[in-house]
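Below, each chain spelled out in residue letters.
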Amino acid sequence: MGQYKLVASDFGDAVILVPNDVEAYLNRGLAYRNDGQYDLAVVEFDHLLALNPKDAAACVERGITYDAMGLPDRAIEDSTQAISVDPTSG
């Protein structure tokens, strides 16, 4: 209900407790994006991809974020990467 800052904070707490919790990074990135904090969302998706470079969902979500930022070329790169990792992603 628009409480994305609180959600992001909760997932931040989860990351402190379990530093490699990929779901926490994904969800915190989604919360930041839904709050319009695109740069912070990209940082979360980048971190997730550093943990698992073959995470198609992270590629898709980062691509959606880049598109929202008005960066279609980067969005296409991420979509292409997601498809190469998992042809059913998207």
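See above for the structure.
The model shown is predicted, which means the values in this text are computed figures rather than measured ones.

Q: Give me the lowdown on the overall build of the protein, citing residues and values where you can.
A: Across its full length, the protein holds five helices and zero strands. Secondary structure of the protein in N-to-C order comes out as α-α-α-α-α. Counting over 90 residues, the protein shows a buried share of 36%. Put simply, 37% of the contacts in the protein that link residues at least 6 apart link residues at least 24 apart. Looking at the protein as shown, the accessible area adds up to about 5300 Å², and 56% of this sits on carbon and sulfur atoms.

Q: So what about the packing of helix α4 (residues 56-68) against helix α5 (residues 72-85)? Which residues, and what values?
A: The interhelical angle for the contact between α4 and α5, taken along N-to-C directions, is 165 degrees, at an axis separation of 8 Å. As far as their axial angle goes, α5 and α4 are roughly antiparallel. In this structure, α4 crosses over α5, and the sense of that crossing is left-handed. Where α4 approaches α5, its residues Ala 56, Cys 59, Val 60, Arg 62, Gly 63, Tyr 66 and Asp 67 are matched on the opposing element by Arg 74, Ala 75, Asp 78, Gln 81, Ala 82 and Val 85. The residue inventory of the contact of α4 with α5, partitioned by class, reads seven nonpolar, two polar and four charged.

Criteria and cut-off values
- Residues numbered from 1 in each chain as written.
- Predicted model: local features only at pLDDT ≥ 70, side-chain atom pairs only at ≥ 80, totals over all residues.
- Heavy atoms only, no water.
- Helix = DSSP H or I, 4+ residues; strand = E, 2+ residues; numbered from the N terminus.
- Buried < 20%, exposed > 50% of the residue type's maximum accessible area, 1.4 Å probe, protein only.
- Contact = heavy atoms within 4.5 Å.
- Areas by Shrake-Rupley, 256 points an atom, 1.4 Å probe, with all protein chains shown as cover.
- Axes fitted to C-alpha atoms, helices over the stretch in contact; angles between N-to-C directions.
- Parallel < 35°, antiparallel > 145°, perpendicular 65-115°, else oblique.
- Left-handed = near helix turned anticlockwise from the far one by under 90°.
- Nonpolar A, V, L, I, M, F, W, Y, C, P; charged D, E, K, R; others polar.

Read these as spatial facts, not as claims about activity.
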